[in-house]
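Read off the chains here:
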Amino acid sequence: MTTYFTGDGKATNRCFTGKTLALLVLAALSDGAVASGFQLIEQGSGLGNAFAGSAAKASDAGTIFWNPAGMTQLQPREASAGLALVKPSFKFNDQGSSVGVFNGAGNGGDAGGLAAIPNAYLSWGLTRDLYLGLGIGAPFGLASKYDKPWKGSAQSDEFDIKTINLNPSIAYRINDKVSIGAGLNWQRIQADYYRQVSIANPGLGGVTAHMQIDDDAWGWNAGVLFTLSPATKVGLSYRSTILYHTTGSATLSSDGTPAGNGTQAALAAGGGQSDVKANLRVPDTFVLSVAQRLSDRWEMLGDVSWTGWSSIKKIDIVRTSGLQNGVTAQTLDADFRNTYRVALGANYALSDTWKLMFGLAYDQTPVKNEHTRLTSLPDNNRTWFTLGAQWKPAKEQTLELGAAYVYIPNTKINNNQTTASPLTNRGTVIGEYDSSIWILGAQYSLAF
């Protein structure tokens, strides 16, 4: 199945309420997972440094996301906006899958697609020591879509997650050495998940199952920034988990392919359409960062981050209406583990207006092994290689451009979802993914 999160299709016939506006903005935010799991770290400047030093450098208003305490290092008013274009590639090579009626189908082509991830931030100094800020971004997202037919179609055809995060923040400078900050996070998530019904009778090959869920919830973030010397900054930051109690619908439908009387039996067994619910807790993150100026030209940046992916073990999608009220319609057995990410970066100042950026990072996957790897999320450990440049046409303006190649080793999968019931038999997908990710990003910052 594939999960898609979309806005309210009837919004054009209604007045613009706050929720409707949020859904429209959500529809514009992207769904391409870049960090491990389905986390998106393209939140402000720093792509050229592999986002090393993110909680310590406090170089623009994007610090609202990484460490709100960093606002005390900014000009009285600063704004920042950016966009990252992400092109992942996930190509499956079958090595003996056994997937019922889809046994003779293809490998699904490239399940990755081009995505755009925007962000925007505003910081405002009320006094020399007290700052307010507002950020908007998409901290989680995922999209995978296979060409049909393919061997794993009974497990997933498409999977799409979108989020939007509004982050009002406050920061206070305690003294010249220590600043603190905190923020609230209103976050909305939407998901759609499509798969083909896999059963023993080949006549049911034309039945598609679709689940759609969404919800909004609150979280928080906080940070502290230590200015140990004019050349050395250390940042600590934390973003909380967010628990969603999502609701939505599950639908079985025929694509019109001749399927005999068996199609009607499958639609009746699934209830045709029913309401569903599912609980999902997205992970918390802890970041330790260092920014060290070595000379007038060289600066070094470092990061160690931890993400609590073990908050996602399995997701039970339960029917709440129809003939099978109370029955679990689908269980996503992710069985994630907690992960670490380590990043190193360097900046070299060519002049007062130009700076070169370099970065390297290792990002651990939350997927434990090939048996728990999902066709909807063929994730693996990642190594980032990044370059960038920063241009300051004026003291108040900064334009930053960055590029990254994310290397992903060949990724094995052996996911067995075979059951005794033909209506829930999703077969076994065995094979290997050839994967990689390219990222291009731009960020513009203005002090005013």
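One numbering rule holds for all chains: residues counted from 1, following each sequence as written. Only residues with pLDDT of 70 or above have their local features reported here, since the model is predicted, and side-chain atom pairs are shown and tallied only from 80 upward, although totals for entire chains, interfaces and linings are computed over all residues. Excluding hydrogens and water, the side-chain values take into account all heavy atoms of the structure.

Novice: Describe the overall build of the protein chain, listing the residues and the values that go with them.
Specialist: Elements are defined by DSSP. Helices are runs of H or I of four residues or more, strands are runs of E of two residues or more, and each kind is numbered from the N terminus. What the protein chain contains, in helices and strands, is 3 helices and 19 strands. For the protein chain, the proportion of its 448 residues judged to be buried stands at 55%. Note on definitions: a residue-residue contact is assigned when non-hydrogen atoms from the two residues lie within 4.5 Å. In the protein chain, of all internal contacts separated by at least 6 residues, the share reaching a separation of at least 24 is 73%. As displayed, the protein chain has an accessible area near 18,300 Å², and 60% of this comes from carbon and sulfur atoms. A 1.4 Å probe rolled over the protein chains alone gives each residue an accessible area, and that area as a share of the maximum for its type sets the label: buried under 20%, exposed over 50%, partly exposed in between. With residues, only the protein chains shown are counted as cover, and all accessible areas are computed by Shrake-Rupley using a 1.4 Å probe.

Novice: With reference to specific residues and values, describe the nonpolar core.
Specialist: For our purposes a nonpolar core is just a set of buried Ala, Val, Leu, Ile, Met, Phe, Trp, Tyr and Cys residues, chained together by side-chain atoms within 4.5 Å. Core analysis: the biggest nonpolar cluster contains 31 residues, and Trp384 and Ile439 have the highest contact counts within it. At the level of secondary structure, the elements contributing two or more residues to this core comprise α2 (63–66), β1 (77–94), β2 (115–125), β18 (397–416) and β19 (428–447). Residues Leu142, Ile189, Ile242 and Tyr244 belong to the second largest nonpolar core, which totals 28 residues.

Novice: Can you tell me about the layout of surface pockets, naming the residues and giving the values?
Specialist: Of the grid points, spaced at 1 Å and generated over the protein atoms alone, those admitting a 1.4 Å probe that cannot get out make up cavities, while open sets with protein on both sides within 12 Å along at least five of seven lines make up pockets; any residue with an atom within 4 Å of a point is treated as lining. Grid points are joined across faces, edges and corners, and a volume is the space filled by probe spheres set on the points. The computed volume of the largest pocket comes to approximately 1,200 Å³. Surrounding the largest pocket, 43 residues form its lining, Ala58, Ser59, Lys355, Gln390 and Lys392 being those nearest its centre. Secondary structure elements with two or more residues in the lining of the largest pocket: β8 (232–239), β11 (285–293), β12 (298–307), β15 (339–349), β16 (354–363), β17 (382–394), β18 and β19. No other element matches the 4 residues that β19 contributes to the lining of the largest pocket.

Novice: For the pairing of strand β3 (residues 130–137), give the residues involved together with the corresponding values.
Specialist: Side chains of β3 alternate between two faces, with Tyr131, Gly133, Gly135 and Gly137 buried and Leu130, Leu132, Leu134 and Ile136 left unburied. Hairpin connection, β2 to β3: the antiparallel pair is bridged by 4 residues. Any two strands between which DSSP finds at least two bridges are classified as paired. The sheet contact formed by β3 and strand β5 (residues 158–173) spans 8 bridges and is antiparallel. The residue of β5 that forms the bridge with Ile136 is Leu166.

Novice: So what's going on with the packing of aromatic side chains? Residues and values would help.
Specialist: Side-chain rings of Phe, Tyr and Trp (the six-membered ring for Trp) are treated as a pair once their centres are within 6.5 Å; stacked means planes under 30 degrees apart, edge-to-face means over 60, and tilted covers the remaining angles. All told, the structure shown has 16 aromatic pairs when counted by the stated rule. Where Phe65 meets Trp66, the ring centres are 5.2 Å apart and the plane angle is 85°; that geometry is what we call edge-to-face. On the basis of relative accessibility, which here comes to 9%, the residue Phe65 falls in the buried class. Ring geometry for Trp220 against Tyr238: centres 5.2 Å apart, planes inclined by 50°, an arrangement best described as tilted. Taken together, the residues span a long stretch of sequence, with Trp220 in strand β7 (residues 207–229) and Tyr238 in strand β8 at a distance of 18 residues. The partly exposed category is assigned to Tyr238, whose relative accessible area is 25%.

Novice: Explain the pattern of salt bridges residue by residue, including any values.
Specialist: A carboxyl oxygen of Asp or Glu within 4 Å of a side-chain nitrogen of Lys or Arg is what we treat as a salt bridge. If you walk through the whole model with that rule in mind, you get 12 salt bridges. Among the ionic pairs, Asp129 bridges to Arg173, the shortest N-O distance being 2.9 Å. Residue Asp129 is located in the loop between β2 and β3, and its partner Arg173 is located in strand β5; the two are separated by 44 residues in the primary sequence. According to the relative accessible area criterion, Arg173 is buried, its value standing at 12%. Several salt bridges share partner residues, and in doing so they unite Arg128, Asp129, Arg173 and Asp176 into one network.

Novice: Quick rundown of the environment of Ala278? Include the residues and the values.
Specialist: Along the chain, Ala278 turns up in strand β10 (residues 273–282). For Ala278, a relative accessible area of 4% translates into the label buried. Once the C-alpha coordinates of Ala278 and Gly248 are considered, the two residues, 30 residues apart in sequence, prove to be 8.7 Å apart. Beyond its immediate chain neighbours, meaning those up to four positions away, Ala278 contacts Ile213, Tyr244, His245, Thr246, Ile315, Asp316 and Ile317.

Novice: Before we move on, could you go through the side chain of Lys57 and cite the residues and values that matter?
Specialist: In this fold, Lys57 is placed in the loop between α1 (18–28) and α2. In this structure the side chain of Lys57 is engaged in a polar contact, spanning 3.3 Å, whose partner is the side chain of Ser45. If sequence neighbours within four positions are ignored, Lys57 has contacts with Ser45, Gly46, Lys233, Ala291 and Leu301. For the purposes of these results, a polar contact is taken to be a pair of N or O atoms within 3.5 Å, where, inside protein, one atom must be able to donate a hydrogen and its partner to accept one; residues adjacent in sequence count only when each atom of the pair is a side-chain atom.

Novice: Outline unusual backbone geometry, listing residues and values.
Specialist: That bond from Lys148 to Pro149 is cis: its omega, 0°, falls within 30 degrees of zero. Of note, Pro149 is situated in the loop between β4 (141–145) and β5. Even without glycine at this site, Phe51 takes up a positive phi of about 60°. Note on placement: Phe51 falls in the loop between α1 and α2. By relative accessible area, which is 3% here, Phe51 ends up buried. If you check the backbone angles, Ala58 has positive phi at about 45° while not being a glycine. As for its position among the elements, Ala58 is in the loop between α1 and α2.

Just geometry here; none of it tells us what the structure is for.
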